[in-house]
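Each chain is listed here by its residues.
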Amino acid sequence: MPLFVVSCTDHEGTVEKRLATRPQHIARLQKLNDEGHLIVAGAMPKDPSNPQAGFYGSTIIVDFETREALDAWLQEEPFLIEGVYSHIDVKPFNKAFPQG
């Protein structure tokens, strides 16, 4: 299956909304992981020791059959629905390392 890098940018001033919505976001990522589609996922904090400082956004690398299937999955993303994300950028990705 093709890999994709999904770069998500947060709106300014949405840290409280992000933290409140996080359980739904994590549950979806867990399901994606359980289905074998998640390669890596994580947030990009402004200050790693202080979540209240806010976030630049998130990055995930996923394995989907098609770009259309990924787009359909993204439309149900809680951070997008709740207005945490201002922009989502998707690019194809060719994994070189780690091998295996």
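Just so you know, these numbers come straight off a predicted model, no measurement behind them.

A. Molecular detail of the nonpolar core. Judged by nonpolar contacts, the single largest core of 16 residues is most densely connected at Val-6, Val-62, Phe-64, Leu-70 and Trp-73. Those elements that place two or more of their residues in this core are strand 1 (3-10), helix 1 (15-34), strand 3 (55-63), helix 2 (67-74) and strand 4 (85-93). Beyond its immediate chain neighbours, meaning those up to four positions away, Leu-70 contacts Phe-4, Val-6, Val-62, Phe-64 and Val-90.

B. Structural detail: the packing of aromatic side chains. Taken as a whole, this structure holds two aromatic pairs when the rule is applied. Note on Phe-64 and Trp-73: the rings are 6.1 Å apart at their centroids and 50° apart in plane angle, and the pair reads as tilted. On the basis of relative accessibility, which here comes to 14%, the residue Trp-73 falls in the buried class. Arranged with centres 5.4 Å apart and planes meeting at 90°, the rings of Phe-79 and Tyr-85 form a pair that is edge-to-face. Judged by its relative accessible area of 0%, Phe-79 is buried. The exposure class of Tyr-85 is buried, given its relative accessible area of 4%. For the cation-ring pair, Arg-18 lies above Phe-55, with the distance from its terminal atom to the ring centre recorded as 4.5 Å.

Calculation notes
- Residues numbered from 1 in each chain as written.
- Predicted model: local features only at pLDDT ≥ 70, side-chain atom pairs only at ≥ 80, totals over all residues.
- Heavy atoms only, no water.
- Core = buried A, V, L, I, M, F, W, Y, C linked by side-chain atoms within 4.5 Å.
- Buried < 20%, exposed > 50% of the residue type's maximum accessible area, 1.4 Å probe, protein only.
- Helix = DSSP H or I, 4+ residues; strand = E, 2+ residues; numbered from the N terminus.
- Contact = heavy atoms within 4.5 Å.
- Phe/Tyr/Trp six-rings, centres within 6.5 Å; stacked < 30°, edge-to-face > 60°.
- Lys NZ or Arg CZ within 6 Å of the ring centre and 35° of its normal.

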